[in-house]
Amino acid sequence: MQLACGTHRLDLSRPQVMGILNTTPDSFSDGGHYYRNGQLSLARALERGRQMLAEGAAIIDVGGESTRPGAVPVSEQEELDRVVPVVERLVAELGALVSVDTSRPGVIREAAAAGAGMLNDVRALTRDGALQAAADTGLPVCVMHMQGQPDTMQAQPAYGDVVSEVKGFLHHRIDACRAAGIGPERLILDPGFGFGKTLAHNLALLRRLPELVALGYPVLVGMSRKSMLEHLLGRALEDRLAGSLALALAAAQRGAHIIRVHDVAATRDVLDVEAALHSPLDD
Ligand code: 9MG
């Protein structure tokens, strides 16, 4: 399976790593890493992008708005200021395939003009104007499931059958995307681990990920360092590498095509070891 991403072709016949680059001062794991005296440092963000590419990331996901509960809301101009220059430089200087994590039509349009090759919307293009903006870019789009809104989504997530409900939601968004002119070859699906889900919901979605893969679209998952690992292992944020790798491996074994992570090198190693088990043996 190949995905056309602007000037890039993404080979999805093996799981690919999407490296996370949050240009926010307050994201849950890497917030503020690229700030100096309260100002976003383009040089630092670019350096991190360079490092992730060297470590085997196929995509760099740039986000300028934190979806962490309690995060400070950001204006559109601020989001543009955080995202667009980073996209421009990652593309121009490193030739990177950049995805942009945004829900705003204005940011979708400007990021595409700056050279982004993929869109990633945790709100699945539900904001006014987002479907049309995404359609106009011609880029592939990741549509993610979320129950509720970031601020309150973890208060009391509830489902009958979480897998059926997530699939039902994604089917609706596929229909909406296609009606807006986003062809099936441009769609990527994401069950939205941690977005309005308890540990039991997340585990059910992971166990039954093959049902989502069977819909025939590329599947993206993001579980890196998420609080499901705190609930599962009792680990603080900085001690979640082993758990994140186990989740990445489990997702790849169940057919995930793109794994969104903070720890690129370690994840790539795990996926390469797993891939070797499926390659022909020399002797
Ligand atoms: C931006 N962001 C944070 N977590 C995410 C996830 O699980 N999937 C996608 N597509 N984006 C995410």
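**Things to note about unusual backbone geometry**
No. 1: Its identity as a non-glycine residue notwithstanding, Ala-124 has a phi of 55 degrees, on the positive side.
No. 2: Phi at Leu-125 takes a positive value of approximately 60 degrees, unusual for a residue other than glycine.
No. 3: With respect to the helices and strands, Leu-125 occurs in the loop between strand 8 (118–121) and helix 4 (130–137).

**Structural notes on helix 9 (residues 241–253)**
Residues spaced three or four apart along an α-helix point in a common direction, a consequence of the helix completing one turn every 3.6 residues.
No. 1: With 13 residues, helix 9 extends 18 Å from end C-alpha to end C-alpha; this agrees with the ideal 18 Å at 1.5 Å per step.
No. 2: When helix 9 is considered as a whole, its buried residues turn out to be Gly-243, Ser-244, Leu-245, Leu-247, Ala-248, Ala-250, Ala-251 and Ala-252.
No. 3: Lining the buried residues of helix 9 we find helix 6 (199–207), helix 7 (209–213), strand 11 (220–222), helix 8 (228–233), strand 12 (258–261) and helix 10 (264–276).

**Here's the deal with the nonpolar core**
No. 1: Formed by 65 residues in total, the largest nonpolar core has its most connected members in Leu-90, Leu-125, Leu-209, Val-221 and Ile-259.
No. 2: Contacts of Ile-259, omitting those with residues within four sequence positions, involve Gln-16, Val-17, Met-18, Val-221, Ala-248, Ala-251, Ala-252 and Leu-271.
No. 3: One finds Leu-12, Ile-59, Leu-97 and Cys-142 within the second-largest nonpolar core, a separate group that totals 13 residues.

**Notes on the environment of Ser-41**
No. 1: In this fold, Ser-41 is placed in the loop between strand 5 (39–40) and helix 1 (42–54).
No. 2: For Ser-41, a relative accessible area of 12% puts it in the buried group.
No. 3: Considering only alpha carbons, one finds Ser-41 and Pro-140, 99 residues apart in sequence, at a separation of 28 Å.
No. 4: Leaving out residues up to four positions away in the same chain, Ser-41 has contacts with Tyr-34 and Tyr-35.

**Section: helix 1**
No. 1: Along its 13 residues, helix 1 runs 18 Å from first to last C-alpha, staying within 8% of the 18 Å computed at 1.5 Å per residue.
No. 2: Residues of helix 1 that are buried include every one of Ala-45, Leu-46, Arg-48, Gly-49 and Met-52, and no others. Down the axis of helix 1, the buried set is contained in an arc of 160 degrees. They therefore lie on one face. Turned more than 90 degrees away from the buried face of helix 1, the exposed residues are Ala-43 and Ala-54.
No. 3: Here the buried face of helix 1 lies against strand 3 (16–22), strand 6 (59–63), helix 2 (76–94) and helix 10.
No. 4: Following helix 1 by one or two positions, Gly-56 adopts a phi angle in the positive range, close to 110 degrees.

Conventions used here
- Residues numbered from 1 in each chain as written.
- Predicted model: local features only at pLDDT ≥ 70, side-chain atom pairs only at ≥ 80, totals over all residues.
- Heavy atoms only, no water.
- Helix = DSSP H or I, 4+ residues; strand = E, 2+ residues; numbered from the N terminus.
- Expected span 1.5 Å × (residues − 1).
- Buried < 20%, exposed > 50% of the residue type's maximum accessible area, 1.4 Å probe, protein only.
- Contact = heavy atoms within 4.5 Å.
- Core = buried A, V, L, I, M, F, W, Y, C linked by side-chain atoms within 4.5 Å.
- Arc of directions from axis to C-beta.

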